[in-house]
Amino acid sequence: MALTADKVKRHTGTGLLYLVLAVISAISLLPFLWVILSSLKPHDELYSKHLTFLPHSYTLNNYTQMLERMVGFGLYYRNSVLISVGTVVLTLFVGSLAAYALARFRFRGEQALFLIFLGTMMVPGEVGLIGQYELLSSYKLLNTLTGLTLTYTAFNLALTIFVMRAVFISVPQELLDAARVDGCSWWESYWQIMIPLGASGLAAAGTLVFLSAWNEFIFALTMNNWSDEARTLPVGIQLLQGQWQHWDYGVLFSSVMLSFLPVIILFLCLQKYFMRGLTAGAVKG
Amino acid sequence: MGDLPAQSTNRKRRGWSLDSPYAFILPALVLFGMFSLYPILRSLYLSFFDYDFLRPEQMHWVGWGNYQEILRDERVTNWPGLVTPKAILPLRSLASYALGLYALVALTYLFTRRAGRAFAIALAAVVCAFLSLFCYRLLGHAAVAASLLDALRLAIWPITYPIAALWLTINSAGGAFWNTVRFTVMYVPLAIGLPLLVAVMVDKAGRLSTLFRTLNFIPVVVSVAVISIIWMWIYHPEYGVANTLLRQAGVKETYNWLSDPKLAMPGIVAMCVWHGLGFNMLLFLVGLQRISPELHEAALVDGATGWQAFRGITLPLLKPTIFLVGLLAMIGALKVFGQMFIMTGGGPGDSTLSMVLYLYNIAFRYGKFRFGYASALAWALAAFIFIVSVIAFRLSKERE
C-alpha cells in the first residue's frame, strides 16, 4: 500500500509540475496567439467594447488591405531579407576563413589579433554609433543595403571567429597533413575539409548572425531611416505603428503577424542550431 | 615518399602569396577594423571635441569639457532624494510587515548562519519592542502603542523603513543615468529569479522538458521592435489586454500603463522580463545539466528534502551560471534603448529616458547633431558598464 501511495504522490507532483509549466508557456505564447487571432478578426469586432480572444468570425480582409495600402511593408521585408542573408553569407565566409587561420597556423601577430578581437567584443556596440554614422556618411553608404550589411558583418565577425575557431581546432591534424601530402593547397583544404567538417558549427553561427541582423534596431534606425528604399523591418514596423494606430489596428495586427511568424517558424525548424549558437554566443560574449 | 610531408610543410614562402594565413585573415581584419574598431575609436576621439555634424568647420578641442558637461547636465545626473518616510506610513499592509520580519530573519541568519537562532532573535526583538511599548503605554504614552499591530510595526520599523523607502526611491524618476540604473535594479533580480525557477521546473519535466523549453524560448527570437509594439497594445488603456483582464477581475480603475510616470518604467521592466525569460532559462538549463544528477539523488537518499538539496547542492554549483546570467542581464539593461524609444519616447516627462536614448536624441533628434557630446555620453556609459562588471567579477571571485 505504501508503494502505491508513494506513486500517487509522485504522479500528482508531476501533474502539478506540468500544469504550472503549461501556464508559464501559455504566458510566453499568448501575446503572439492574440496578435494572430486579432489579425483575422473583422474591423467591427476589433473595435468593439468587449475584447475577445477567439474571433467570432474569420476574415483575411486585414491582410489584403495591408498588402494594398501599406506600400512600405513589402520594401521593408525585402530589405531585411537581403541585409540579413547578405550578412550571414559574408560573415560566415570571412569569419570562417579567419578562424581557419587562427586555429591552424602559428604566425606573427596571432596573439595581438586575438586580443584586439576580444577587447572590441567587450566594448558595447552602441559606443561606435556616432563614429559609424560619420564613416558611412563619408563613403555615401548611409541609407544603402551595403552599408548596413557591412556594419552587421563587422559586428558579428568576432563572435563567428571565436565559435568557428573552436570548431576548427577539433578537426584532426592528420586529415590536413594527408591532404597536404596529396598536394592540396591550404585554400583547397579549407574548402574541401574544413567547411564540410565544420558545417554544423557554421549553421549554429549562421542562425545566430541571422537573428541578430534581422532583429537589430538602433543602427538600422540611425543609418537607414531616410527613405523606404533601405529601411529594415524593425524600424519600418515601428514607423507603421505610429502612422496607423489611429486608423486601423487590423492592418497593423496583420503586418506585425507577418513580421514575427517567419522567424518563429525558422526557429522551430532550426532549433538545435539556434540553441547551440546562442549558448556559445552568450558564454563567449 | 617518406620525406615529402616534411618538405611540403617546411616549404618557406617568401613575399605575398594568396595561400597563406595572412591572406585568410586579411578580409576579416579589414572589415573588422573599418566597421567595428574604427567607429569605436573615432567616437572616443570625437568625445574630446565640441562638434556639430552639420557644422564641421566649427569643430574644436574641448578636452574633458564634454565629460564635465555630463556631470552638470540635469537631464543625465538628476537624482531623486530618498523618498520621505511619510510615504510609507499609509503602507499598513500585512505584506510590508511580513517583508520586514523576513528581512530581520534573513539578516540575522546572514550574520549567524543559524536558522533557529535567527528566528529566536527576531522573535525576541518583536517581543521586547512590544513589551517596552506596553510599558510606555502604562506610563501614559498611550498614543504610541495603540494596538498590537502598531507595536509590531514600530518594532520592525528599522527594517521596513529602508526597504519601503528604497523601493519608492527606485520607483521615482530622475535623469537618464538614474533611470537607467533603476531600470537595471528592477530588471536584473527578476531576470535571474524567474528564469531560474522556470529552468528548475523544466529540468524536472522529463520527456516534456524539450517541449517546454522550446515554447518558452519563442519570444526570444522576436525583435525588440515587434515585442514593444505588441506590448503597447497590451498596455493600451481602453482596448488593451492588461486593463481588460483587470476589469474582469473587478478592478474599477483604468491604468494608463505607459503614460503614468509611476507605472511606465515597471511596465517596461515587466515586458523585458517576459522577453528575456527564455534566453536566461536556456543558460540556467545548460548550467543545470552540468550538475551530475547523482549528487542530487545522493542527498535525497540521505534524507534531505527537495528544498534542502536545491539549497545545498544545486544552488552553490549553479553560482557561475547565476553570475553569468546576472552580468549579461545587467550589461543589456544598462544599454536599454529600443523599448523606451518605441513605447514611451522617454516619457512621460523624462521618467523612462535611458542613457542610450538620451545620447541618440542628443546626436540625432534635438535639432542639432551634437556628435561630440553624444560620443562622450556613450563612452561614459561604456566606462560605467566596465567598472560595474569588474566590481562584479571581483566580488564573485572573493566569494569562492
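Keep in mind the model is a prediction, meaning the values are calculated, not measured.

Reading the values: rules and limits
Residues numbered from 1 in each chain as written. Chains lettered and ligands numbered in written order. Predicted model: local features only at pLDDT ≥ 70, side-chain atom pairs only at ≥ 80, totals over all residues. Helix = DSSP H or I, 4+ residues; strand = E, 2+ residues; numbered from the N terminus. Rg over C-alpha atoms; globule rule 2.2 N^0.38 Å. Contact = placed C-beta atoms within 7 Å. Buried ≥ 20, exposed ≤ 12 C-beta atoms within 10 Å, placed from the backbone. Expected span 1.5 Å × (residues − 1). pLDDT = per-residue confidence, 0-100. Axes fitted to C-alpha atoms, helices over the stretch in contact; angles between N-to-C directions. Parallel < 35°, antiparallel > 145°, perpendicular 65-115°, else oblique. Left-handed = near helix turned anticlockwise from the far one by under 90°. Domains from an automatic or database assignment. Nonpolar A, V, L, I, M, F, W, Y, C, P; charged D, E, K, R; others polar. Core = buried A, V, L, I, M, F, W, Y, C linked by C-beta atoms within 7 Å. Pairing = 2+ DSSP bridges.

Trainee: When you look at the overall build of chain A in this model, what are you seeing that I'm missing?
Mentor: Broken down by element type, chain A carries 14 helices and zero strands. Overall, chain A shows an N-to-C arrangement of helices and strands of α-α-α-α-α-α-α-α-α-α-α-α-α-α. In terms of overall dimensions, chain A is more spread out than a globule: its C-alpha atoms have a radius of gyration of 24 Å, far above the 19 Å expected for 285 residues. Long-range contacts, defined here as pairs at least 24 residues apart, represent 76% of the contacts in chain A between residues at least 6 apart.

Trainee: Teacher, can you tell me more about the overall build of chain B here?
Mentor: Tallying secondary structure elements over chain B gives 19 helices and two strands in all. Across the 400 residues that make up chain B, the buried fraction comes to 35%.

Trainee: Where do I start with helix α16 (residues 319-334) of chain B in this structure?
Mentor: The α-helix winds at 3.6 residues per turn, so residues separated by three or four positions along the chain end up facing the same way. Between the first and last C-alpha of α16 of chain B there are 22 Å, a value that for 16 residues agrees with the 22 Å anticipated at 1.5 Å per step. For α16 of chain B, the set of buried residues is Thr321, Val325, Ala329, Met330, Ala333 and Leu334 of chain B.

Trainee: Honestly, the confidence of the model for chain A in this entry has me stumped. Any pointers?
Mentor: Should pLDDT be low for a region, the predicted coordinates there are not to be read in detail. For chain A, per-residue confidence averages 87 on the pLDDT scale, and residues scoring 70 or more make up 97% of the total. Confidence, read as mean pLDDT per element, is least for helix α14 (residues 271-284) of chain A in chain A (73) and greatest for helix α11 (residues 218-223) of chain A (94).

Trainee: Can you help me understand the packing of helix α13 (residues 249-269) of chain A against helix α11 (residues 224-234) of chain B in this one?
Mentor: Packing of α13 of chain A against α11 of chain B brings their axes to within 10 Å, and their N-to-C directions diverge by 140°. With respect to α11 of chain B, the element α13 of chain A is oriented oblique. The two elements α13 of chain A and α11 of chain B cross, and the hand of that crossing is left-handed. Along the contact surface, α13 of chain A presents Val256, Ser259 and Phe260 of chain A, while α11 of chain B presents Val226, Ile229 and Ile230 of chain B.

Trainee: What exactly am I supposed to notice about the domain arrangement of chain A here?
Mentor: Quoted interface sizes are often the accessible area lost when the parts come together. Residue and element names in this part refer to chain A. Per the domain assignment, the segments of chain A are domain 1 (2-59) and domain 2 (70-284). Using C-alpha coordinates to define each centre, domain 1 is positioned 35 Å away from domain 2. Domain 1 puts eight residues into the contact, and the matching count from domain 2 is seven residues. Elements supplying a minimum of two residues to the side of domain 1 that touches domain 2: α1 (2-39) and α2 (43-46). Broken down by element, the residue count for the side of domain 1 that touches domain 2 peaks at five residues, all from α1. In terms of residue class, the side of domain 1 that touches domain 2 is built from four nonpolar, three polar and one charged.

Trainee: Help me understand the domain arrangement of chain B, please; the structure alone is not making it clear to me.
Mentor: All names here are of chain B. Looking at the assigned domains, one finds that chain B contains domain 1 (45-80 + 174-400) and domain 2 (81-171). Facing five residues of domain 1, the contacting portion of domain 2 comprises four residues. Across the side of domain 1 that touches domain 2, the residue classes tally to three nonpolar, no polar and two charged.

Trainee: Is there a simple way to think about the interface of chain B and chain A in this case?
Mentor: Listed by partner, the interface residues are 67 residues for chain B and 67 residues for chain A. Ranked by the residues each element gives to the side of chain B that touches chain A, the list is headed by helix α2 (residues 21-46) of chain B, at 17 residues.

Trainee: It is not clear to me how the packing of helix α14 (residues 293-301) of chain B against helix α15 (residues 306-317) of chain B should be interpreted in this structure. Could you clarify?
Mentor: For any two helices packed against each other, one specifies the crossing angle of their axes together with the interaxial distance. All names here are of chain B. The contact between α14 and α15 brings their axes to 10 Å, and the two run at 145°. Crossing hand, α14 versus α15: right-handed. Here α14 contributes Leu295, His296, Ala299 and Leu300 to the contact with α15, which in turn contributes Ala309, Gly312, Ile313 and Thr314. Counted by class, the contact of α14 with α15 contains five nonpolar, three polar and no charged residues.

Trainee: How do you make sense of the environment of Leu240 of chain A when you look at a structure like this?
Mentor: Residues and elements named next belong to chain A. With respect to the helices and strands, the residue Leu240 is situated in helix α12 (residues 233-244). Looking at Leu240, the number of C-beta atoms within 10 Å reads 22, which means it is buried. Separated by 12 residues in the primary sequence, Leu240 and Leu252 place their C-alpha atoms 7.5 Å from one another. With residues up to four places along the chain from it excluded, the contact list for Leu240 reads Met70, Gly72, Phe73, Leu252 and Ser255.

Trainee: Mind showing me how you'd approach the nonpolar core here?
Mentor: Side chains of nonpolar character tend, in soluble globular proteins, to be buried together. Formed by 165 residues in total, the largest nonpolar core has its most connected members in Ala98, Ile161 and Val256 of chain A together with Tyr187, Leu359, Leu377 and Ala378 of chain B. Sorting elements by how many residues they give to this core places helix α13 (residues 264-290) of chain B first, with 15 residues. With residues up to four places along the chain from it excluded, the contact list for Ala98 of chain A reads Ile161 of chain A together with Phe24, Ile25 and Ala28 of chain B.

Trainee: What exactly am I supposed to notice about the pairing of strand β1 (residues 49-52) of chain B here?
Mentor: Two faces belong to every sheet, and in a regular strand the side chains alternate between them. All names here are of chain B. The two faces of β1 differ: Phe49 and Tyr51 on one face are buried, but Asp50 and Asp52 on the other face are not. Note: β1 against strand β2 (residues 55-61), three bridges, orientation antiparallel. Looking across to β2, one finds that Asp50 is bridged to His60. Adjacent in sequence and paired antiparallel, β1 and β2 are bridged by two residues.

Trainee: Sorry if this is basic, but what is going on with the confidence of the model for chain B here?
Mentor: Residue and element names in this part refer to chain B. On average, residues of chain B score 82 in pLDDT, and 78% of them are at 70 or above. The low-confidence segment residues 87-94 (pLDDT under 50) makes seven contacts with residues lying over four places distant or belonging to another chain. Contacts from residues 140-145, a stretch scored under 50 in pLDDT, to residues over four places away or in other chains number 11 contacts. The ipTM assigned to the predicted complex is 0.90, against a pTM of 0.84.

Trainee: Looking at this model, I keep getting lost on the environment of Tyr187 of chain B. Mind explaining?
Mentor: Residue and element names in this part refer to chain B. As for its placement among the helices and strands, Tyr187 is situated in helix α9 (residues 176-204). In sequence terms Tyr187 and Gly63 are 124 residues apart; their C-alpha atoms lie 36 Å from each other. With residues near it in sequence (within four places) discarded, Tyr187 still touches Val269, Cys272, Val273, Ala329 and Ala333.

Trainee: Whenever I open this one, the environment of Leu40 of chain A confuses me. Can you help?
Mentor: Residue and element names in this part refer to chain A. Assignment of secondary structure puts Leu40 in the loop between α1 and α2. For Leu40, a count of 20 C-beta atoms within 10 Å gives the class buried. Spatially, the C-alpha atom of Leu40 lies 62 Å from that of Arg108, the residues being 68 residues apart in sequence. Among residues more than four places away in sequence, those in contact with Leu40 are Pro55, Tyr58 and Thr59.

Trainee: Whenever I open this one, unusual backbone geometry confuses me. Can you help?
Mentor: Most peptide bonds adopt trans geometry, and most residues besides glycine take a negative phi value. Non-glycine residue Lys140 of chain A carries a positive phi angle of around 55°. When the 10 C-beta atoms within 10 Å are taken as the criterion, Lys140 of chain A is described as exposed.

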